[in-house]
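Listed here are the chains, written in short residue letters.
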Amino acid sequence: MASENVSMRRRGGPIRVRGALGTLSILIIIAGVFCIVNSLYIGRVENQIDARFRAIRDAGEPVSIADLDAWLGPVTKENNAAIPLQEAMDKHQPLTSPKAAILFVNFEYVAKPTEPLTSQMKDATVALLQGEQESLLALSEAARLSHCRFPYDHATGDYARLTPLPDLQRILLAKAAYEAELGQANEAFQTLLVGMRVSQACRREPTLLMQIVRMCLHATIVDAIEQSLNRTTFSPEQLRQLQEEIEKLNTGDRIYTGLLFERCHLIEMFENMVKDTGGNSLLSGIDLNWSLLALRNRVNERHILKKVDAMIETARLSPAEALKRAESNSEESPTEVARGIPIIRSRMPDSLAANPELWDQDLPADLKFQASDSSILSCAATGIALLRYRQEKGAFPTSLGDLTPRYLNEVPVDCMDGKALRYFHDDGGFTVYSVGANKNDDKGNLPEEEGVRGGFDDLTFSVRLRAGNGG
């Protein structure tokens, strides 16, 4: 009996081994078939991605960072405003007194354009300007140059520290308002030109971050022009030049070029992921882990590329049309539409974390910011045109249509609602305004926080005439 049991165990052992080997063989076959099917699907996705790359290039847009550099064109060292701008930022000293009474620099101290600067504000401004002479000289040097390209490490995502640039611009424009208060129209005029030309030099900076920084600078520029026009009188030629410079700032794409950069960076990041996983070699193709990782990367790349392409298509439109399309696209949430952007922004250096409002936005928010930027620049240009009209005619026009074609080519559009800018006046001054982000016509009411452009109330540009500014 014992002999029979031993015989049975001996016979059962090979049977169980053969059964286990058979199961293992089936699993291997299934895994192999999966890897082959997966590889074929990856190949299909890659073909779709490659076809999209060809379509992008056929449309004249860049696919890689090298393409983008060629698309933007070279910037010589002699003509690169980034060099003196970096020098200005390096020489800038943060405000030592948090309670210094300085217009634009310390938001606790706000002077309405119609109110004289207090002696305290004048003294604090003089002290600040004395300590910033070298940085302001470097800004003036940057304003003489027509192009700008800050260094960018494409491997790490590190970008030049830009956080001091808005601070420097506010100091520069506090200088303009101070000079205007003293009746130094020529000095204020030159200072305003520097502020506008610094932004204009950066118009082809490729990153979305820099374009958002530029729009932040524009808000301060408009405030400074409004302050200056309320404090002194500019000549007809100076007004003409100021209007011309503002209109230059209000051309170009802003968001579009930044999104091209984001797309190129995304593409390179995904392509590097493919290289890191071993590429498309035959051995990799039968590796289950690689197959799953490669599939995920390629599907994500196709998905995000589709989203960013849609974003770029929208950003090609005028600011008003782009905002309208973004707001009317209710099929996808803003987070879904802008899914590609946080991937790049998450790689930004810690030095930018202190100012997340400069960059941590989705596409609809960026487009709303762009529309607001365009609208307030249009308000400023229109306001200057009104002053030019009054200098020649002796009174303000009945409507903005009277400014065309001599002072304006056409009545500017309020990008927030697609209608013409609003305007009202009396013998002592005028207000031009946009309805702002809430699109409600509040009859030219200022935002709750004075001096901050882009609030939810109307975006206004007002000048009251008085002795010294044409009154």
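On a predicted model such as this, the values are computed, not experimentally measured, just so you know.

Caption draft 1: Quick look at the overall build of the chain. Assigned secondary structure in the chain consists of 16 helices and five strands. In the chain, which comprises 471 residues, the share counted as buried stands at 50%. Within the chain, residue pairs in contact and separated by at least 24 positions form 73% of the contacts whose partners lie at least 6 positions apart. On the chain, roughly 22300 Å² of surface is accessible, and the fraction owed to carbon and sulfur atoms is 54%.

Caption draft 2: Here's a closer look at the confidence of the model for the chain. Put simply, the chain has an average pLDDT of 80, and 73% of its residues get 70 or more. Here residues 6-10 is a poorly scored stretch, pLDDT under 50, and it has zero contacts once near neighbours within four places are set aside; other chains count. Low pLDDT, under 50, characterises residues 280-286; the stretch is placed with twelve contacts to residues that sit more than four places away or in other chains.

Caption draft 3: View of the packing of aromatic side chains. In the structure shown here, the tally under the stated rule is five aromatic pairs. The interplanar angle of 55° and the centroid separation of 6.5 Å between the aromatic rings of F189 and F234 together place this pair among those described as tilted. One end of the pair, F189, is in helix α7 (residues 185-201); the other, F234, is in the loop between α8 (208-229) and α9 (236-249), with 45 residues separating them in the sequence. Using a relative accessible area of 5% as the deciding quantity, one classes F189 as buried. The exposure class of F234 is buried, given its relative accessible area of 3%. Each ring, one from F396 and one from F430, has its centre 5.4 Å from the other, and the planes form 70°; the classification is edge-to-face. One end of the pair, F396, is in the loop between α16 (363-393) and β3 (422-426); the other, F430, is in strand β4 (residues 429-434), and 34 residues separate them in sequence. Here F396 matches F430 in class, with each residue buried. Above the ring of F396, the side-chain terminus of R390 is found at 5.7 Å from the ring centroid. In this structure, K393 is placed above the aromatic ring of Y389, and the distance from its NZ or CZ to the ring centre is 5.9 Å.

Caption draft 4: Quick peek at helix α6 (residues 164-181). Between its terminal C-alpha atoms α6 stretches 26 Å, which fits the 26 Å expected from 18 residues at 1.5 Å a residue. For α6, the tally of buried residues reaches 16 of 18 residues, placing the bulk of the element in the interior. Where α6 ends, the next residue or the one after it, G183, has phi of about 80°, a positive value.

Caption draft 5: Inspection of empty space enclosed by the protein at higher detail. Applying the stated rule across the entire model yields two cavities of 30 Å³ or more. Of the volumes computed, that of the second largest cavity is approximately 50 Å³. Lining the second largest cavity, in full, are R263, L266, I267, F270, E301, I304, L305 and V308. Elements supplying a minimum of two residues to the lining of the second largest cavity: α10 (255-276) and α12 (288-315). Here the lining of the second largest cavity is composed, by residue class, of six nonpolar, no polar and two charged.

Caption draft 6: Inspection of the sheet that holds strand β5 (residues 459-464) at higher detail. Taken in spatial order, the three strands of this open sheet run β3-β4-β5, and their pairing is antiparallel. Each end of this open sheet is capped by a strand with a single partner; those strands are β3 and β5. Going from strand to strand, the sheet's axes swing by 10° on average, the running direction of each strand aside. Strand direction decides the pairing type here: β4 and β5, joined by six bridges, are antiparallel. Along β5, the bridge assignment pairs Y433 with T460. α16 contacts β3, β4 and β5 of the sheet and is inclined by roughly 160° relative to β4.

Caption draft 7: Spatial organisation of the packing of α8 against α16. It is at 10 Å that the axes of α8 and α16 come closest, and there the two elements cross at 25°. The angle between α8 and α16 falls in the class roughly parallel. The handedness of the crossing between α8 and α16 is left-handed. Contacts from L208, I212, M215, C216, H218, V222, I225 and L229 of α8 reach α16 at D366, F369, Q370, D373, I376, L377, A380, I384 and L387. Counted by class, the contact of α8 with α16 contains 13 nonpolar, two polar and two charged residues.

Thresholds, definitions, all that
- Residues numbered from 1 in each chain as written.
- Predicted model: local features only at pLDDT ≥ 70, side-chain atom pairs only at ≥ 80, totals over all residues.
- Heavy atoms only, no water.
- Helix = DSSP H or I, 4+ residues; strand = E, 2+ residues; numbered from the N terminus.
- Buried < 20%, exposed > 50% of the residue type's maximum accessible area, 1.4 Å probe, protein only.
- Contact = heavy atoms within 4.5 Å.
- Areas by Shrake-Rupley, 256 points an atom, 1.4 Å probe, with all protein chains shown as cover.
- pLDDT = per-residue confidence, 0-100.
- Phe/Tyr/Trp six-rings, centres within 6.5 Å; stacked < 30°, edge-to-face > 60°.
- Lys NZ or Arg CZ within 6 Å of the ring centre and 35° of its normal.
- Expected span 1.5 Å × (residues − 1).
- 1 Å grid on protein atoms, 1.4 Å probe; cavity = no way out; pocket = protein on both sides within 12 Å on 5 of 7 lines; lining within 4 Å.
- Points joined across faces, edges and corners; volume = space filled by probe spheres on them.
- Nonpolar A, V, L, I, M, F, W, Y, C, P; charged D, E, K, R; others polar.
- Pairing = 2+ DSSP bridges.
- Axes fitted to C-alpha atoms, helices over the stretch in contact; angles between N-to-C directions.
- Parallel < 35°, antiparallel > 145°, perpendicular 65-115°, else oblique.
- Left-handed = near helix turned anticlockwise from the far one by under 90°.

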